[in-house]
Amino acid sequence: MAIVKVDKLAKSVFQGPSLMTGSYPTKDWMEVPAVFKPGNFAYPAKKEKVEYMNSQQGLSFPNAREWWPEDDDWKLPENWKEIIINGLKDRLDKFRSLKIFMDCCVRCGACADKCHFFLGTGDPKNMPVLRAELLRSVYRNDFTLAGKLLGKMAGAREMTVGVLKEWFMYAYQCTECRRCSVFCPYGIDQAEITMMMREMLHLVGVGINWILEPASNSNRTGNHMGLQPHTFKDNVDFLVDDVENLTGVRVEPTFNRKGAEILFITPSADVFAEPGLYTAMGYLILFHAIGLDYTWSTYASEGGNFGLFTNNQTMKKLNAKMYAEAKRLGVKYIIGGECGHMWRVLHQYMDTMNGPADFLEVPKSPITSTVFDNAASTKMIHISEFTADLIKNNKLNIDKSRNDHVYATWHDSCNTSRGMGLLEEPRYILDNVVNNWVDMPENAIREKTFCCGSGTGLNTDEIMEIRMRGGLPRANAVKYVHERYGVNTLGCVCAIDRATLTSLMNYWVPEVTVAGLTELVGNSLVLEGEQRQELDEGLRTLV
Amino acid sequence: MATIEHNGKSYNVDEDGFLANGMDEWDDNWVDYVKTVEGISELTDEHQKVIDALQEYYKKNGIAPMVRILSKTTGFPLKRIYELFPSGPGKGACKMAGLPKPTGCV
């Protein structure tokens, strides 16, 4: 086939429509406003939740009101612009990383097609580079000489209500998963840019309810679900009954017990909703099997931290109860359950935010005597590190065939994989507790794992289409191993994943169910004195 | 805040149509309204049993029960609850009973 003349092709590449879609942008990106319509925004935070949060010591959530994203008037404070610009200045002074991220991007575009939201929506503003430009353009305008002198020519623009609305749209179409950062030659942490945009939006009273309500629940009752102490205990006791029905063994967890060796903290959804409940049964069975001297807490009853999705102050305040409770109970150290973003907070912020935890000891397994030097500073280890070490030292009586109804693949949760490097332990555990499992293709696992599409508090139903679009790359990789190998179970170590991947699988690959890793561990364990029934579906079997 | 009118009475509701003030505004007329939108042809003792169980639990715990507890206290397996409330225990039964919808990692 004859190719068109070189000058014509050059012109076409430069000015013509996309070869793929036949269309081309008619306007500069700065001139395309964010348009809100049902389904493309999460509900705003309720007035009473904002008021409650604002009333709490150390927290600031101003401008509580009723407002709606589709309305022209968002009822911002009169001096909203001054608040935002001052807020940006404060953060540039405080966080050197933010200043560097604002300055060092060369717009090479390596990140552009690495974002699940860009892949799923095709919206150019979901390219991480452009999402960051939403903030960077304002930074240039007010904080750089070039921007002040050259304005738009230097990629600068004034902060307007339209820009603010754009921030709201795209800071909430980013799950802070940091896949883009893996590919960035400068290592720009896009999650931190999104965090800053969300923080600044809160300064003028712009936030979403699905994040602020769990955060306020957690502040009030100790956990996102709003489980009060007696309810939390009842729920765990209910699972104890279930475990007994299934295995014939009565496990005996304790609560708020002073002098226990270890404090165990996991996301509250694990003791509230399926399929997390099965993971919680797994914890109960595992700890019983090894006779661990541990306690649950009805005060530090949440591993997750939706403060991470609002602002630093909230994150710090919600996180503080972990060390406070560990100190009160006099435990030696903390084991944390299966949660994703919890581990970003624990691994990267807790020590400096609320530490040093010099009243705790460097974690040492009472069963194997292994010392977890990697947690020498935080004094908190991941359940998978703990379990992998038990298996390695041959301390568990495992019958893999109990998981023969499972053909698994492994979803590396964004925060545990990219945020703390937990890559080998879950795979080692899988090798040892199931007979059949296979990894998804290389570009969709480990550091390059794809997000569930609903992290950072975007797991709410009113934005289901965006969630299903954002989760498509993950679902696509699961579909591949499902069709090729007959995979029927997607394993993970994250409570948001357990909820959101379930919706994602129901939509894209309905043959695949979602299971926490410790569910599979618990199901494979042979317990002393057990009278186990025929459990065709493991711990999920109805008996 | 949105309102819903039914048989001449109005109710404050949230974005998803749950009673904004919860059980404070709940009454039989509300049950009749949710029955209509849920497409439930006739309200039976079984529906009532689920509503009672939800409200009783909520008064004690300030939150909806986990589904397994609801199943246990009513004696209805999840499948039966879905037959009674086509939108499920959360969006159907909790709405009818005047409970708020749960949030968090669910």
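Residues numbered from 1 in each chain as written. Chains lettered and ligands numbered in written order. Predicted model: local features only at pLDDT ≥ 70, side-chain atom pairs only at ≥ 80, totals over all residues.

Before going further, it helps to examine the overall build of chain A. Counting its secondary structure elements, chain A contains 22 helices and seven strands. For 543 residues, the compact-globule estimate of 2.2 N^0.38 gives 24 Å, and the C-alpha radius of gyration of chain A, at 24 Å, lies within 12% of that figure. In chain A, which comprises 543 residues, the share counted as buried stands at 51%. (Helix = DSSP H or I, 4+ residues; strand = E, 2+ residues; numbered from the N terminus. Rg over C-alpha atoms; globule rule 2.2 N^0.38 Å. Buried ≥ 20, exposed ≤ 12 C-beta atoms within 10 Å, placed from the backbone.)

Right, let's get into the nonpolar core. In terms of nonpolar packing, the biggest core is built from 154 residues, with W167, I262, M281, I334 and V478 of chain A touching the most fellow members. Of the residues forming this core, the biggest block, ten residues, is contributed by helix 13 (residues 276–290) of chain A. Here this core gathers at least three residues from each of two domains, domain 1 (30–207) and domain 2 (213–540) of chain A. In terms of nonpolar packing, the next biggest core, distinct from the first, is built from 19 residues, Y11, I51, Y57 and L99 of chain B among them. (Core = buried A, V, L, I, M, F, W, Y, C linked by C-beta atoms within 7 Å. Domains from an automatic or database assignment.)

This brings us to the domain arrangement of chain A. Residue and element names in this part refer to chain A. One can read the domain layout of chain A as domain 1 (30–207) and domain 2 (213–540). Each of domain 1 and domain 2 was reduced to a C-alpha centroid, and the two centroids are 31 Å apart. Each partner contributes to the interface: domain 1 provides 30 residues, whereas domain 2 provides 30 residues. Elements with a minimum of two residues in the side of domain 1 that touches domain 2: helix 2 (47–54), helix 5 (116–121), helix 9 (179–183) and helix 10 (190–203). Sorting elements by how many residues they give to the side of domain 1 that touches domain 2 places helix 5 first, with five residues. Its residues assigned to classes, the side of domain 1 that touches domain 2 shows eleven nonpolar, twelve polar and seven charged. (Contact = placed C-beta atoms within 7 Å. Nonpolar A, V, L, I, M, F, W, Y, C, P; charged D, E, K, R; others polar.)

Another aspect to go through is the packing of helix 6 (residues 128–143) of chain A against helix 10 of chain A. Two packed helices can be described by the angle between their axes and the distance between those axes. All names here are of chain A. In the contact formed by helix 6 and helix 10, the axes pass within 10 Å of each other and the chain directions differ by 35 degrees. For the pair helix 6 and helix 10, the crossing hand works out as left-handed. Residues P128, A132 and L135 of helix 6 lie in contact with helix 10, whose contacting residues are Q190, I193, M196 and M197. Across the contact of helix 6 with helix 10, the residue classes tally to six nonpolar, one polar and no charged. (Axes fitted to C-alpha atoms, helices over the stretch in contact; angles between N-to-C directions. Left-handed = near helix turned anticlockwise from the far one by under 90°.)

Below, the discussion takes up the sheet that holds strand 5 (residues 408–410) of chain A. Residues and elements named next belong to chain A. Overall, parallel pairing links the three strands, which are arranged 5-6-7 in an open sheet. The sheet is open, and its two edges are formed by strand 5 and strand 7 (513–516), each paired on a single side. Taken pair by pair, the neighbouring strands of this sheet meet at an average axis angle of 35 degrees, ignoring direction. Across three bridges, the pairing between strand 5 and strand 6 (residues 489–492) is parallel. From the neighbouring strand, W410 faces strand 6, where its bridge partner is G491. Running at roughly 75 degrees to strand 7, helix 22 (residues 517–524) makes contact with strand 6 and strand 7 of the sheet. (Pairing = 2+ DSSP bridges.)

Turning next to unusual backbone geometry. Excluding glycine, most residues fall at negative phi; most peptide bonds, likewise, are trans. All names here are of chain A. Between E274 and P275 the backbone carries a cis peptide bond, its omega angle lying at 0 degrees. Its place among the elements puts P275 in the loop between strand 1 (262–265) and helix 13. Geometrically, the link from G355 to P356 is a cis peptide bond, its omega value of 0 degrees lying close to zero. As for its position among the elements, P356 is in the loop between helix 15 (341–354) and strand 4 (380–382). A positive phi angle is found at S369, which is not glycine, with a value near 65 degrees. Considering the arrangement of structural elements, one finds S369 in the loop between helix 15 and strand 4. A count of 9 C-beta atoms within 10 Å places S369 in the exposed class.

Bringing helix 22 of chain A into the picture now. Here helix 22 of chain A lies mainly inside the structure; eight of its eight residues are buried. The complete set of buried residues in helix 22 of chain A reads L517, T518, E519, L520, V521, G522, N523 and S524 of chain A.

The next subject is the interface of chain A and chain B. Think of interface size as the accessible area that goes away when the parts come together; that is how it is often given. With 24 residues of chain A at the contact, the number on the chain B side is 13 residues. The set of elements that each furnish at least two residues to the side of chain A that touches chain B consists of helix 11 (209–221), helix 12 (229–247) and helix 21 (495–508) of chain A.

Moving on, we come to the packing of helix 13 of chain A against helix 22 of chain A. All names here are of chain A. Where helix 13 contacts helix 22, the two axes come as close as 7 Å, and the packing angle between them is 50 degrees. Considering the angle they form, helix 13 stands oblique to helix 22. Judged by the twist between their axes, the crossing of helix 13 over helix 22 is left-handed. Seen from helix 13, the contacting residues are Y278, T279, M281, G282, Y283, I285 and L286; seen from helix 22, they are T518, E519, V521 and G522. By residue class, the composition of the contact of helix 13 with helix 22 is six nonpolar, four polar and one charged. (Parallel < 35°, antiparallel > 145°, perpendicular 65-115°, else oblique.)

All names here are of chain A. Take A388: it is sitting in helix 16 (residues 383–392). C-beta crowding within 10 Å serves as the criterion here: with 22 such atoms nearby, A388 is assigned to the buried category. Separated by 38 residues in the primary sequence, A388 and P426 have C-alpha atoms spaced 7.5 Å apart. With residues near it in sequence (within four places) discarded, A388 still touches E425, Y428 and I429.

Here we come to the sheet that holds strand 4 of chain A. All names here are of chain A. Taken in spatial order, the four strands line up as 2-1-3-4 in an open sheet, and their pairing is parallel. Taken across any chain shown, the strands that pair with only one partner, and hence form the sheet edges, are strand 2 (294–295) and strand 4. Contacts from helix 14 (residues 312–329) reach strand 1, strand 2 and strand 3 (333–336) within the one sheet, and its direction differs from that of strand 1 by about 150 degrees. Contacting strand 3 and strand 4, helix 16 runs over the sheet at an angle of about 70 degrees to strand 4.

Next up on the list: the pairing of strand 1 (residues 2–6) of chain B. Residues and elements named next belong to chain B. For strand 1, the buried fraction is low: zero of the five residues fall into the buried class. Where strand 1 meets strand 2 (residues 9–13), five bridges bridge the pair, whose relative direction is antiparallel. Bridge pairing in strand 2 links I4 to Y11.

Attention now moves to helix 1 (residues 28–38) of chain B. Residues and elements named next belong to chain B. When helix 1 is considered as a whole, its buried residues turn out to be W30, Y33 and V34. The arc enclosing the buried residues of helix 1, seen along the axis, measures out at 95 degrees, which places them on a common side. Turned more than 90 degrees away from the buried face of helix 1 sit D28, N29 and T36, all of them exposed. The secondary structure elements touched by the buried residues of helix 1 are strand 1, strand 2 and helix 5 (88–97). Looking one or two residues beyond helix 1, the residue adopting positive phi is G39, at roughly 70 degrees. (Arc of directions from axis to C-beta.)

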